[in-house]
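Results of the structural survey
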Amino acid sequence: MTSNPGAQWTVGKVVQAVLKHAFLILMALISIYPVLWVVSTAFTPGETLATGWHFVLGLVPVPNAPTLDHFTSVFNLQVTGGTFADWLRNSLVITVSTVIASVALTLPAGYAFSRRVFPGRGGLMFSFLLPTMFPGVVTIIPQFLIFATLGLVNTYWGCIIPYTVGSFALSIFIMKGAFDSVPRDLDEAAMIDGASEFRAFWQILVPLTLPSVATVSLWAFMGSWLDFALAHVMLQTNNMWTLPLALYSLITPTYTYYGTFSAMSLIMAVPVFVVFMIFQRYLVTGLTAGSVKG
Amino acid sequence: MARVSIRDVNKVFKVSPVVKDLSLDIADGEFLVLLGPSGCGKSTTLRMVAGLEKPTSGDIYIGDTPVNNVHPKDRDVAMVFQSYALYPHMTVHDNLAFPLKMRGYSKEEIEKTVNRAADILEISDFLNRRPKELSGGQRQRVALGRAIVRNPKVFLMDEPLSNLDAKLRVQTRIELKNLQKKIGTTTIYVTHDQAEAMTLADRVAIMRQGMIQQVAPPTDIYAHPANKFVAGFIGSPAMNFIDGTIKTSDSGAVFQCEEFSFPVHPAVSRVIPNGSSKETTYGIRAEDIVVDTSQREGSVEVSVFGSEMMGSEQFVHGKSGKLTIVARTPMDFRASIGAGVWMNFTSANAHLFDTETEQALV
C-alpha cells in the first residue's frame, strides 16, 4: 500500500483499501485456480482427472504421490509416424520463423508509415487493419484454398506466412506508434552525421524502439506457438504437427489422457512463461509507446 | 571551411510559400545569423542548406558545388538542433564518435578526435554518461561537440541556445562565438532572439514572411535599419513609431502628428526637399529620447503610465492621446504614474520611413 505524506488513515479509507485488495486477490485466485488443477493433474499418477490427490484448505488440489511419469510419457509420445521431437521441432521452426519474419517486415513497414508520406498511406494502413475486424476462422478456408493452389499445404510455409500476415495489423500499428514517438531530429541528425537512411533507421531508430520490437515479437510468438485452428487445417500428416495438434490428439472420442495432456500443456507453457518474464518490463512501454508525447 | 551560396531559392509547402526568392552569400569563415519571428522561413532555409528539405526552385552551393541533389550525409555540414538531438541510447563518447564512425575513421583517430573535442568543450569528465544524465548546459556542449568533432565545411545551428536558462545562454553564446572564431568554420545560425544575433553575428540576415529584409553587420542593422519591420524588430525596447507629416522650411523641419508636433533634426530631415511636406513614420529609439520633468524647448508633454526599473537604467512609458512612447532614463529619474513628463524627440539618430512602403528614407 502507498500513502501520501500527511494523509490521514480514516476507518473508511482502511475499509476501502481492504475491500479493494480483497477483490483483487479474489480475481487473481480465480485466474490461477484452473492452472493449479493442470499442475496437480500433471504430477498425479493415472490418467483420470481428480483422483489420487487431496485438497489443502478444501480448495488446492495436491497429488498424494507426486510423479514425473506423465512428462516421460510426453517425451516418448508417438502417433503413427510423428514423435514428440518432430512436433517440438515443427513448433520451434514455425514460431521462430514467424517471429523473425514479423519483426523483419513490420520494422520497415512501421518506419514507412511513420516517416514517409506517400499516396494512399491512410488507405493502406486501413487495409491492414480491415481483416482484424472479422473473426480469424473466417479467413482459414480461403487461406487453405490459396495455399493448396500454391502447393504449400502441409509445409512450414503454410503456417509461417498466415501467422506472419495475421500479426501484421497490430504489429505495424505498434511499430508506427513507436517510430512516431522518436523525434525526427534524431534521424535527421544521424543523416547529417553521415549515416544513410538505412543506417539512421538501424543504428538510431531501431535501438530506441526495442520495447515495441519486443512486443511485436511476443505477439508473433504467441500467435504461432499456441495456434490450433490454422495448424489443424494446414498441417495434415502426423509428422508435420505442431505441439497444439499433438496435444489435441490426447483427447480421443473414447478416452482423454488427462495426465499426459496436463504435462504437455505445462511443457508448452514453459517457453511462453520464459519469454514473458524476459520481455515483461518492455511490454507495457511497447504497447503504450507513442500514446503520450514525451 | 567553405562559402555558402543560396540563389533565388523558393520553398513551397503544399500551396503555402515559406521561402520566397531568397538569395544570400555567406563568406568562408563567416558567422551569419538568420533572424526573424516564428514562421518567417529561417529554419526552413537552414534545413534546405542541410539537405533536410529540398528547395522548390533555386540553387544552393556549398563551396563551388551545387548541392540541391546531394544527400545530407554527403554535404559535409554539421548541425546543432534546438532539441540537441543527442542519441539517447549512446554515451557522450559514442555520440561524439558517431559522425566519425560514419566516415570510416580508424579507432585510434576516433579516440584522439573525440578526446580533443571533449577537451575543447570541457566535457571530458562525462564521456561515459548518457544524455539523460546530463544537465541542459552539458547536453548543449555535447551537441556542439558532435558538430565540431569532424571539422565540417559548414556549421548549421537551429536555435541551439533556446532551451538554456537566461544566465547560461549568455555565457554559452560568448563561448560559442569564441569557439567559432578559433575554429573558423563558416556558420549559419538561426534564432528569433535579437540579443543572440547581435552578439554572435558577423552579419545578420533579417527575414520576414519568407523574404530577406536586410543583410548587414549588427551595428549597421541597428543604426540603419532598411525598413520599419527591421527597425521595430531590432532593439529592446522596440523602436517608437509615430505616424504623421514632416514639413520642411527655411526655419527647419517639424514633424506633425495627431497628438503634437516637434522639431526634426536636420540630419534626419535632409532627405525631404526644403519647402515640402510628406506623410512619413518617424522612428526613434528609447535611448534617443531625452526625458525631463520640466518643459524644455522642442519637448512635448506625455503622461506617465508605467516604468520599468532595469537596474542601471529605467524605461518610462508615456502616453499622449492614442500614442504610446517608451524612453530610457537614468535609474534615478523619478516620475509617478499619471504625472506629466516632457520628452524631446529631436535626435540626429531618429529615422524616417515611407508610410506606404515602410522603407527607410534616412
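Here we take up the environment of R141 of chain B. Residues and elements named next belong to chain B. By the element assignment, R141 lies in helix α4 (residues 136–148). Taking the C-alpha atoms as reference points, R141 and P160, 19 residues apart in sequence, are found 10.0 Å from one another. Once residues within four sequence positions are removed from consideration, R141 is found in contact with L121 and I123.

Glancing now at the sheet that holds strand β16 (residues 300–309) of chain B. Residues and elements named next belong to chain B. Ordered by their spatial adjacency, five strands build an open sheet running β15-β19-β16-β17-β18, and the pairing between neighbours is antiparallel. Of all the strands in the sheet, just β15 (290–292) and β18 (323–330) have a single pairing partner and so form its edges. The average undirected angle you get between the axes of adjacent strands in this sheet is 45 degrees. In this structure, β16 lies alongside strand β19 (residues 340–344), joined through four bridges in antiparallel fashion. Paired with V300 across the two strands is M343, which belongs to β19.

Let us look at the confidence of the model for chain A. Residue and element names in this part refer to chain A. Summary statistics for chain A give a mean pLDDT of 88 and a share of 94% for residues scoring 70 or more. The weakest mean pLDDT in chain A belongs to strand β1 (residues 53–56) at 78; the strongest belongs to helix α3 (residues 84–115) at 95. Counted against residues more than four places away or in other chains, residues 290–294, with its pLDDT under 50, gives six contacts.

Another aspect to go through is the domain arrangement of chain B. All names here are of chain B. Partitioning chain B into structural domains gives domain 1 (4–232) and domain 2 (240–354). The C-alpha-based centres of domain 1 and domain 2 are spaced at 40 Å. With five residues of domain 1 at the interface, the matching set in domain 2 holds five residues. When its residues are assigned to classes, the side of domain 1 that touches domain 2 shows two nonpolar, two polar and one charged.

The rules we used
Residues numbered from 1 in each chain as written. Chains lettered and ligands numbered in written order. Predicted model: local features only at pLDDT ≥ 70, side-chain atom pairs only at ≥ 80, totals over all residues. Helix = DSSP H or I, 4+ residues; strand = E, 2+ residues; numbered from the N terminus. Contact = placed C-beta atoms within 7 Å. Pairing = 2+ DSSP bridges. Axes fitted to C-alpha atoms, helices over the stretch in contact; angles between N-to-C directions. pLDDT = per-residue confidence, 0-100. Domains from an automatic or database assignment. Nonpolar A, V, L, I, M, F, W, Y, C, P; charged D, E, K, R; others polar.

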